[in-house]
Amino acid sequence: MFDSISSYYKLRFQVWLVVMCAVVLIFSAYTTYVETRYLVFAKTVSATLVGVEEVRSTSRRSNEVTLRVKYTFSEPDGTKRNEADRMSSDWTAPSAGVVDVQYIPGKKEWSRIAGNDRLWLTLPFIICSTIVIVFLVRFYREFQEHERRKATR
């Protein structure tokens, strides 16, 4: 009796874990996509700082302050781009007024200050992908075993 209750809760926990991993997987997949694009296609160029302003996030939970760093640079084909990136409030602007920027050529709004990557956000994608794959393989093996048992009856 207790064995069936235990297996029910174990199965319920496993299903909950797979669903939660799938949700995290979906949200972290976009971050992984962005970081992969920067890794493969990004170019680095020196940009001129236009301005730095504080941005306050007013929510019920926190009163976070970040910096909106505006900069301008030209692509090698001569296209001038005016873009911005968000940095933490402890970031200090270089005194020369020039900052290195990573950008995707030809894509507006696809630039960031060099070093402002979010590679650590790809870790949940890797972990959740692994968990989902392991559970799918286990499910497939159990299904195949079930089909073999059904065929021998």
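Conventions used here
Residues take numbers from 1 onward in each chain, read along the sequence in its written order. Thresholds applied to this predicted model are a pLDDT of at least 70 for local features of residues and 80 or more for the giving and counting of side-chain atom pairs; totals over whole chains, interfaces and linings are not thresholded and use all residues. Water and hydrogen atoms play no part in the side-chain values, which are based on all heavy atoms of the structure. By definition, two strands form a pair when at least two bridges between them are found by DSSP. Numbered from the N terminus, helices here are DSSP runs of H or I no shorter than four residues, and strands are runs of E no shorter than two. For each residue, the accessible area found with a 1.4 Å probe, counting protein chains only, is set against the maximum for its type, and the residue is called buried under 20%, exposed over 50%, and partly exposed in between. Under the rule applied, a polar contact is a pair of N or O atoms within 3.5 Å (in protein, one hydrogen donor and one hydrogen acceptor; residues adjacent in sequence only if both atoms are side-chain atoms). Any two residues having at least one pair of non-hydrogen atoms within 4.5 Å are treated as being in contact.

**Student:** Please give an account of the pairing of strand E1 (residues 43-58) that cites residues and values.
**Tutor:** One ladder, built from 6 bridges, connects E1 with strand E4 (residues 98-103); its direction is antiparallel. Directly across from Thr48, in E4, lies its bridge partner Val98. By the bridge criterion, 10 bridges tie E1 to strand E2 (residues 63-74) in an arrangement that is antiparallel. Within E2, the position partnered with Thr58 by the bridge is Asn63.

**Student:** I'd like a description of the side chain of Thr122, backed by residues and values.
**Tutor:** In this structure, Thr122 sits in helix H2 (residues 122-152). Among the residues examined, Thr122 registers a relative accessible area of 16% and is labelled buried. A distance of 2.5 Å separates the side chain of Thr122 from the backbone oxygen of Leu119, its partner in a polar contact.

**Student:** Kindly report on the side chain of Thr32, identifying the contributing residues and their values.
**Tutor:** Following the sequence through the fold, Thr32 ends up in helix H1 (residues 2-41). Once residues lying within four places of it in the same chain are set aside, the contact partners of Thr32 are Thr122 and Phe125.

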